[in-house]
Amino acid sequence: MRKKVLFLFGTRPEAIKLCPVLLHMRTRPCDFDVRVGVTAQHREMLDQILATFEVTPDYDLNLMLPGQSLFQSTTRILAALEPVLAAETPDLVLVQGDTTTTLCGALAAFYKKVPVGHVEAGLRTGDLLQPFPEEMNRVVTTRLAALHFAATEGAAQNLRAEGVDSGRIFVTGNSGIDAVLSVRDGLQQGRWSNYRRGPFWSRIDDSKKLIVVTAHRRESFGEGFERICAALAQLAERDDVQVVYPVHPNPNVQDPVNRHLAAKRNILLIEPQEYVPFVDLLRSAYLLITDSGGVQEEAPSLGKPVLVLREKTERPEAVDAGTVRLVGTNVPRIVEEANRLLDCPEAYQEMARIHNPYGDGHASQRISESILSFFAERSRG
Ligand code: UD1
Ligand code: UDP
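Think of each chain on its own: its residues are numbered from 1, step by step along the sequence as written. Starting at A for chains and at 1 for ligands, labels are handed out in the order in which the entities are written. In keeping with the predicted nature of the model, local features appear solely for residues at pLDDT of at least 70, side-chain atom pairs appear and are counted solely at 80 or more, and the whole-chain, interface and lining totals rest on all residues. Hydrogen atoms and water are omitted, and side-chain values are computed over all heavy atoms in the structure.

Colleague: Would you take a moment to explain the overall build of the protein for this structure?
Modeller: In terms of regular secondary structure, the protein is built from 15 helices and 13 strands. For a compact globule the rule gives 2.2 Å times the number of residues to the power 0.38, and the radius of gyration it is set against comes from C-alpha atoms. Relative to the compact-globule value of 21 Å for 381 residues, the protein shows a C-alpha radius of gyration of 20 Å, a close match. Considering only C-alpha atoms, the protein reaches an extent of 65 × 45 × 40 Å along its principal axes. Counting over 381 residues, the protein shows a buried share of 58%. Here the analysis covers contacts within the protein between residues at least 6 apart in sequence; of these, 68% occur between residues at least 24 apart. Accessible surface is estimated by sampling points in the Shrake-Rupley manner with a 1.4 Å probe; for residues, cover comes only from the protein chains shown. Only carbon and sulfur atoms are counted for the fraction: they give 51% of the accessible area of the protein, which is about 15600 Å². Under the scheme used here, helices are H or I runs from DSSP no shorter than 4 residues and strands are E runs no shorter than 2 residues, and both carry numbers assigned from the N terminus. For every residue, the accessible area obtained with a 1.4 Å probe (protein chains only) is divided by the maximum for its type, and the residue is called buried under 20%, exposed over 50%, and partly exposed between those limits. The criterion used for residue contact is that any of the two residues' heavy atoms lie within 4.5 Å.

The following block contains the structure:
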């Protein structure tokens with residue numbers, strides 16, 4: 001029988017990773033009745049992704065507050081989800097990742113006794129303070145979920161080690177790879193015919209090596225960001241590089257980045273980019289410096305080396321394969337590792353390998369099949 005699946009999400013990365021899944025399910029109307037609720041924990045950055053994938057939510061709770069605290073976002077999101085669940089009575093709620101919306105979506109469904117499917121389950125650093133509060137959000141979401149869609153065998157193993165029933169764990173690949181590969185292919189094949197490179201491209205000098213930067217993690221607010229900015233300023237003193245940095249709108253990021261980097265030569269600070277332009281930037285980059293989870297997954301599929309501005313990662317596969325390296329927020333470490341990749345072609349070639357540890361572009365289909373098999377098994381008793 002057709003299953004009503006309610007997608008709940010609210011931030012940019014959740015939207016990038018859930019839109020491919022919901023669009024896939026919409027191609028199967030005999031199997032799925034797809035409903036979409038967004039908390040809009042992010043406003044502008046969520047809207048950019050909804051526009052890219054042409055998704056119109058059935059519910060838009062419009063909850064973002066500028067400079068919101070975790071207490072504010074958590075309490076407001078949880079309260080606002082109650083009437084959505086009451087109105088929809090879905091067969092399944094799908095949440096993704098480890099944000100406040102993920103945690104509240106799973107908890108709200110649990111309170112209504114609706115089974116929860118967790119997309120990108122099983123990521124762990126093993127340190128509840130890194131990333132903060134995401135590691136705790138993941139752990140709690142695992143306890144609340146009935147179905148666990150792990151991107152990799154390693155993530156599935158993390159879940160089994162915590163006692164999650166193996167029959168409820170499905171290794172599907174990461175649906176973010178569905179998104180990045182389809183946009184990359186679309187760009188190569190000219191399918192995004194409306195896309196034009198933004199005005200900042202006229203300031204990009206092709207003769208220089210392009211370093212694309214993103215950073216926004218809470219555990220780096222304050223001194224960590226001061227150090228990240230110091231390292232970027234030092235790197236940009238080289239005449240053969242150009243740093244392009246779409247700056248996250250969080251005031252804790254905007255303030256130090258604008259203060260330290262706005263006037264630096266060879267550094268271009270730009271607005272958060274829509275997804276197609278950002279993938280265009282990624283594929284044009286020589287090197288990525290980031291603390292983003294999603295970028296760590298996308299870069300290996302595009303063959304781009306990544307220096308990760310964190311001490312620990314929940315995505316060890318690309319680190320083990322040697323295409324991603326952890327550099328923390330330590331100024332000399334960031335600068336030395338970047339200089340090595342800029343100066344030593346052998347070191348660069350070793351890290352610039354295309355591989356797909358996080359997925360093959362078919363996660364959405366596997367997630368959909370797993371859901372149907374779960375309900376078929378349940379109806380058999
Ligand atoms: C959130 C997630 C984090 C995820 C990140 C992706 C939590 C606790 N954290 O962090 O896991 O990696 O999103 O980017 O859920 N803002 C805007 N416009 C936007 C988005 C954000 O102005 O479109 C500003 C607002 O001032 C907002 C602030 O950024 O209050 C912080 O947003 P919030 O979602 O609370 O945290 P993030 O740091 O974005
Ligand atoms: N991204 C984007 N525009 C940007 C920067 C990032 O579309 O200007 C995409 C990026 O390709 C990845 C996702 O946003 O898919 C990562 O989101 P973010 O860094 O906000 O969160 P995280 O992945 O760390 O949770």
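Colleague: I tried to follow the sheet that holds strand 1 (residues 3-9) on my own but got confused; where do I start?
Modeller: In sheet architecture, strand pairing relies on hydrogen bonds along the backbone and comes in two forms, parallel and antiparallel. The strand order across the open sheet built from seven strands is 3-2-1-4-5-6-7, with neighbouring strands paired in parallel fashion. The open sheet has two free edges, formed respectively by strand 3 (59-60) and strand 7 (169-171), since each of these has just one partner strand. At least two bridges found by DSSP between two strands is the condition for calling them paired. Sheet analysis places strand 1 next to strand 4 (residues 92-96), joined by three bridges and oriented parallel. What sits directly across from F7, in strand 4, is L94.

Colleague: Which parts of the structure should I look at to understand the site of ligand 2?
Modeller: Taken together, 15 residues lie near ligand 2, and R12, Q273, G293, G294 and E298 sit nearest. Here ligand 2, which alone exposes 540 Å², has 95% of that area covered by the protein. Elements with a contribution of two residues or more to the shell around ligand 2: helix 1 (12-26), helix 10 (275-284) and helix 11 (293-302). At four residues, helix 11 tops the list of elements feeding residues into the shell around ligand 2. A cutoff of 4 Å decides nearness: a residue is near a molecule or strand if any of its heavy atoms lies inside that distance of it.

Colleague: Quick question: what am I supposed to make of the site of ligand 1 here?
Modeller: If you check the shell around ligand 1, you find 23 residues, and the closest are Q41, H42, E44, L65 and E134. At a separation of 3.2 Å, an oxygen atom of ligand 1 approaches a polar backbone atom of R43. For ligand 1, whose accessible area on its own is 750 Å², the fraction buried by protein is 95%. Whenever two N or O atoms come within 3.5 Å, that pair is a polar contact, provided that in protein one can donate a hydrogen and the other can accept it, and provided that, for residues adjacent in sequence, both atoms are side-chain atoms.

Colleague: Explanation requested: empty space enclosed by the protein in the structure shown.
Modeller: Where empty space is left in the structure can be found by rolling a water-sized probe over the atoms. Only protein atoms enter the 1 Å grid, on which a cavity is a set of points fitting a 1.4 Å probe that cannot get out and a pocket is an open set with protein on both sides within 12 Å along at least 5 of 7 lines, lining residues being those with an atom within 4 Å of a point. Grid points are joined across faces, edges and corners, and a volume is the space filled by probe spheres set on the points. This structure, assessed with the given rule, holds one cavity of 30 Å³ or more. The computed volume of the largest cavity comes to approximately 30 Å³. In terms of lining residues, the largest cavity is bounded by V119, E120, F149, A150, A151, T172, G173, N174 and S175. Listing elements by their share of the lining of the largest cavity, those giving two or more residues are strand 5 (116-121) and strand 6 (147-150).

Colleague: Help me understand the packing of helix 4 (residues 100-111) against helix 5 (residues 134-144) in this model?
Modeller: Two quantities define a packed helix pair, namely the angle between the axes and the distance from one axis to the other. In this description, a line fitted to the C-alpha atoms serves as the axis of each element, helices being fitted only across the stretch in contact, and the angle between N-to-C directions of two axes falls anywhere from 0 to 180 degrees. Interaxial distance between helix 4 and helix 5 falls to 9 Å at its minimum, and their mutual angle equals 20°. Here helix 4 lies roughly parallel to helix 5, going by the angle between them. In the packing of helix 4 onto helix 5, the handedness of the crossing is left-handed. Taken together, the residues of helix 5 that come into contact with helix 4 (itself represented by T100, T102, L103, A106, L107 and F110) are N137, V140, T141 and L144. Working definition: roughly parallel below 35 degrees, roughly antiparallel above 145 degrees, roughly perpendicular at 65 to 115 degrees, and oblique for all remaining angles. Helix crossings are classified by the rotation of the near helix relative to the far one: an anticlockwise turn of less than a right angle makes the crossing left-handed, while a clockwise turn makes it right-handed.

Colleague: Explanation requested: the nonpolar core in the structure shown.
Modeller: Soluble globular proteins: nonpolar side chains tend toward being buried together. The nonpolar core is taken to be a set of buried Ala, Val, Leu, Ile, Met, Phe, Trp, Tyr and Cys residues, with the residues joined through side-chain atoms within 4.5 Å. If you look at the biggest cluster of nonpolar residues, it comprises 61 residues, and the most contacted ones within it are F7, F9, M25, L94, Y275, L281 and I371. Top contributing element to this core by residue count: helix 1, with seven residues. When sequence neighbours within four positions are dropped, the list of residues in contact with Y275 reads I16, I49, T52, F53, G176, A179, V180, V183 and E298. Judged by nonpolar contacts, the second largest core, of 34 residues, contains F225, L287, M351 and A352.

Colleague: Explanation requested: the packing of aromatic side chains in the structure shown.
Modeller: Both the distance between ring centres and the angle between the ring planes are used here to describe each pair of aromatic rings. Here a pair means two rings of Phe, Tyr or Trp (six-membered ring of Trp) with centres within 6.5 Å. Their orientation is stacked below 30 degrees between planes, edge-to-face above 60, and tilted elsewhere. Per the counting criterion, the structure on display carries seven aromatic pairs. For the ring pair F110 and Y111, a centre distance of 6.5 Å and an interplane angle of 50° mean the geometry is tilted. Residue F110 is classed as partly exposed on the basis of its relative accessible area, which comes to 47%. For Y111, a relative accessible area of 54% gives the class exposed. Only when the NZ atom of a Lys or the CZ atom of an Arg is both within 6 Å of the ring centre and within 35 degrees of the ring normal do we say a charge sits over the ring. Looking at K3, its charged tip hangs above the ring of F375, at a distance of 4.9 Å from the centre. Directly above the ring of W201 sits R197, whose terminal nitrogen or CZ lies 3.7 Å from the centroid.

Colleague: I'm lost on unusual backbone geometry in this one. Help?
Modeller: Glycine aside, residues mostly have negative phi angles, and peptide bonds mostly take the trans form. Across the junction of Q130 and P131, the peptide omega takes the value -10°, indicating a cis bond. With respect to the helices and strands, P131 occurs in the loop between strand 5 and helix 5. The linkage connecting F132 with the following residue, P133, adopts the cis geometry, with an omega of 5°. Structurally, P133 is set in the loop between strand 5 and helix 5.

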